[in-house]
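Overview (structure and organization)
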Amino acid sequence: MEVKRPLNVEVRKIPDSIVNVRKRKALIGANVIAMILIAIAIFVFISYINDRHYFRFDFTASGKYTLSGKTKKIVKGLDQPVFVTTLLQHNPDYRFYGQILDILEEYKYLSGKIKVTHLNPFTDQTKITELSEQLKVDLEQLQLNSVVFVSGDKSKHVLLTEVIEREFPFKFKGEEVFTSAILNVTQEKQTTIYYTKGHGERNFEDFERPGLGGLASAIKRANYKVLPLELLKKKQVPEDCDILFIAGPTKSFSTEETNYIRNYLGTTAKLVDEKGELKDGKLLVMLEPALGSNTTSGLKALLGEYGIMVRDDTVVYNKVNLPLFGMQTVSEIYVSDDNYPDHEITKDMRSLTTLFFGSCVVSAAPLTDSMAFSAKVLAQAPDSSWGETEIGVQKKPKYNQDVDVAAPITLAVASELRETEKSANPLAPPHATKLFEKIGEKGPRVVVFGDVDFAANAFENNPGNRDLVLNSISWLARKEKELGISAKAPDVRRSMIKPAQMTFIFWSSIAGLPFIGILVGGIVWWKRRR
């Protein structure tokens, strides 16, 4: 029988020093893990705060990434979400590709109501199909290289060609177009502008130099509906007319037609309609001097009822000192800086120059207590200008103190109902006085320019020309916050180097840098030689 012997197992005690080392390592490891977790938590928390509260700064000299104050007011005032989808072919080499994406990010930064999604037309076909179903349009209607704005059941497609001016230097007008698209899909009613026909007016569908096709396109982009009107056929100004536009008539309006306009606007004799409401007609007039085949407009008496005096028998000339030619008399009138009196229309235009060409004199009548309408000057000609009355008599225009119109010369005037109690017309119905409390919201408004050429295609590239017209339309429509937005020129930076600076650059780079290398090498060689 085999007897099993107990095993002798020797148990050795682990030294305390080793236990302490292991505890210390475990403690250090746990501490490191805790520190890492804390660091990650801090990073996530800071990122979260940064994502919710951050600021963007535009350090470019031209303010390339800065939206205008008008756009900021519109976007911040949105009360419904606007979904923006880009269908742009990825092309970083295209000049305005990045600028389009950047400006949409600025819109998104301004308001949480703006949602921006970028889709690739070639790789995101599923999402594009969903977009077409949402808009209830065929896929073919979702054009390549476009930006789609959607709000509720309204949508607006903006093509890439619309955000760039076609003429050199190809200014970027994305802000104007995108802001217009946002207004288009968020406003309940589209403002309607009727332009008169039948008196030799400028054509709103003409894109040649004298036409107003470019202006009409800009007005439509600003979310206005533009329609023609022949007063003699219609026998009235349509009820849905928000603004009546008369652009450079060369033939006279008849008494019957001016009465239609009076009835639409509301005059001092009749400020309220059949319902007892204050009339709210708006009129924009661009005149031309009565030269050659042009006759007087027939609007002088009508406009005088609103405190606007018209001299269509004059042409405004200006004396300027031209290089190589000396002092010359020209019909081009440049308006800028202090030549824009204080008004809602021109308050942001002092840094812009507006060019008038062959204007007649339009001025504001002195205000009296019995006047219901107050006319204010929008643009004045330089002090060296005058109104020439002897047109066609002299070969060279020359100021004649006895017959010509002396400075200051007014080129544009705006008129509206006065806000004081004295503006109540004694000819109006007794209850009309109470209606003057609504002048800030309703009431006739009139804007008159002594020129139409400044709004034509030939002069639209001047910095302030189109802005002045769009601002006037916005003021007439009581949309002061939606004033015109200028296109931004390319951010081209040039450095001017003087001859002395060029010499310094040459010697410092061509001769100086090699000399420094030779000098350092010589010093090292000399030290080692010893």
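Source: prediction; values computed, not measured. (Residues numbered from 1 in each chain as written. Predicted model: local features only at pLDDT ≥ 70, side-chain atom pairs only at ≥ 80, totals over all residues. Heavy atoms only, no water.)

Turning to the overall build of the protein chain, a few remarks are in order. When you go through the protein chain residue by residue, the secondary structure sums to 12 helices and 18 strands. A burial count over the protein chain gives 42% of its 530 residues as buried. Counting only contacts in the protein chain whose residues sit at least 6 apart along the sequence, the fraction spanning at least 24 positions is 73%. A total accessible area of about 30900 Å² is found for the protein chain, and carbon and sulfur atoms account for 56% of it. (Helix = DSSP H or I, 4+ residues; strand = E, 2+ residues; numbered from the N terminus. Buried < 20%, exposed > 50% of the residue type's maximum accessible area, 1.4 Å probe, protein only. Contact = heavy atoms within 4.5 Å. Areas by Shrake-Rupley, 256 points an atom, 1.4 Å probe, with all protein chains shown as cover.)

Bringing the sheet that holds strand 17 (residues 410-417) into the picture now. To summarise the sheet geometry, strands pair through backbone hydrogen bonds and adopt either a parallel or an antiparallel arrangement. Read across the sheet, seven strands follow the order 6-5-7-8-18-17-15 without closing on themselves; strand pairing throughout is mixed. Looking at strand neighbours, the two that pair on one side only are strand 6 (224-229) and strand 15 (373-380), the edges of this open sheet. For this sheet the average axis-to-axis angle between neighbouring strands, irrespective of direction, equals 20 degrees. Note that strand 17 and strand 18 (residues 445-449) share five bridges and pair antiparallel. The residue bridging Ser 415 from the neighbouring strand is Val 446, located in strand 18. (Pairing = 2+ DSSP bridges. Axes fitted to C-alpha atoms, helices over the stretch in contact; angles between N-to-C directions.)

This part takes up the sheet that holds strand 1 (residues 82-87). Spatially, the four strands line up as an open sheet ordered 2-1-3-4, and their pairing is mixed. The sheet terminates laterally at strand 2 (114-118) and strand 4 (154-159), the two strands that pair on one side only. Averaged over all adjacent pairs, the angle separating strand axes in this sheet is 15 degrees, with direction ignored. As paired strands, strand 3 (residues 146-151) and strand 4 are joined by six bridges and run antiparallel to one another. Paired with Ser 146 across the two strands is Leu 159, which belongs to strand 4. Packed onto the sheet, helix 4 (residues 125-135) meets strand 1, strand 3 and strand 4 and runs at close to 45 degrees relative to strand 3. Sheet strands touched by helix 5 (residues 174-186): strand 1, strand 2, strand 3 and strand 4. Its angle to strand 4, the strand with the most contacts, is close to 160 degrees.

Now for the pattern of salt bridges. Side chains carrying opposite charge are able to pair once their charged atoms draw close together. For the structure shown, the criterion picks out 14 salt bridges. In this structure, the salt-bridge partner of Glu 256 is Lys 235, at a minimum N-O distance of 3.4 Å. Of this pair, Glu 256 sits in helix 8 (residues 255-265) while Lys 235 sits in the loop between helix 7 (231-234) and strand 7 (243-247), and the two are 21 residues apart along the sequence. Residue classification places Lys 235 among the partly exposed positions, given a relative accessible area of 45%. Two residues, Arg 350 and Asp 338, come together in a salt bridge whose shortest N-O distance is 3.5 Å. (Salt bridge = Lys/Arg side-chain N within 4 Å of Asp/Glu carboxyl O.)

Viewed as axis vectors pointing N to C, helix 2 (residues 69-76) and helix 5 meet at an angle of 25 degrees, and their least axial separation amounts to 11 Å. As judged from the angle between their axes, helix 2 and helix 5 are roughly parallel. Helix-helix and strand crossings are classified by hand; for helix 2 and helix 5 the assignment is left-handed. Residue-level inspection shows Thr 71, Ile 74 and Val 75 of helix 2 in contact with helix 5, the latter providing Glu 175, Thr 179, Ile 182 and Leu 183. (Parallel < 35°, antiparallel > 145°, perpendicular 65-115°, else oblique. Left-handed = near helix turned anticlockwise from the far one by under 90°.)

What follows covers the pairing of strand 9 (residues 308-311). Across a regular strand the side chains alternate sides, sitting on one face of the sheet and then on the other. Across the two faces of strand 9 the burial differs, with Ile 308 and Val 310 buried and Met 309 and Arg 311 not buried at all. Sheet topology places strand 9 next to strand 14 (residues 361-364); four bridges connect them, and they run antiparallel. The partner of Arg 311 across the bridge, within strand 14, is Val 361.

Right, let's talk about helix 12 (residues 499-529) for a bit. For helix 12, with 31 residues, the first-to-last C-alpha span of 43 Å sits near the 45 Å given by 1.5 Å per residue. Remark: the principal bend of helix 12, roughly 40 degrees, maps to Gly 512, with a proline, Pro 514, within the next four residues. (Expected span 1.5 Å × (residues − 1). Bend = angle between axes of the 7 residues up to and from the residue.)

Compared with the 18 Å implied by 1.5 Å per residue over 13 residues, the 18 Å span of helix 5 between its first and last C-alpha is a close match. The buried fraction of helix 5 is high, at 12 of 13 residues. Those residues of helix 5 that sit buried are Gly 174, Glu 175, Glu 176, Val 177, Phe 178, Thr 179, Ser 180, Ala 181, Ile 182, Leu 183, Val 185 and Thr 186.

The next point concerns a nonpolar patch on the surface. Taken together, the side chains of Ile 28, Val 32, Ile 33, Ile 36, Leu 37, Ile 40, Phe 43 and Val 44 define a hydrophobic patch exposed on the protein surface, amounting to about 790 Å² of accessible area. Turning to its location among the elements, Val 44 is positioned in helix 1 (residues 16-52). (Patch = residues over 30% accessible without salt bridge, like charges linked within 9 Å, V, L, I, M, F, W, Y side chains within 5 Å.)

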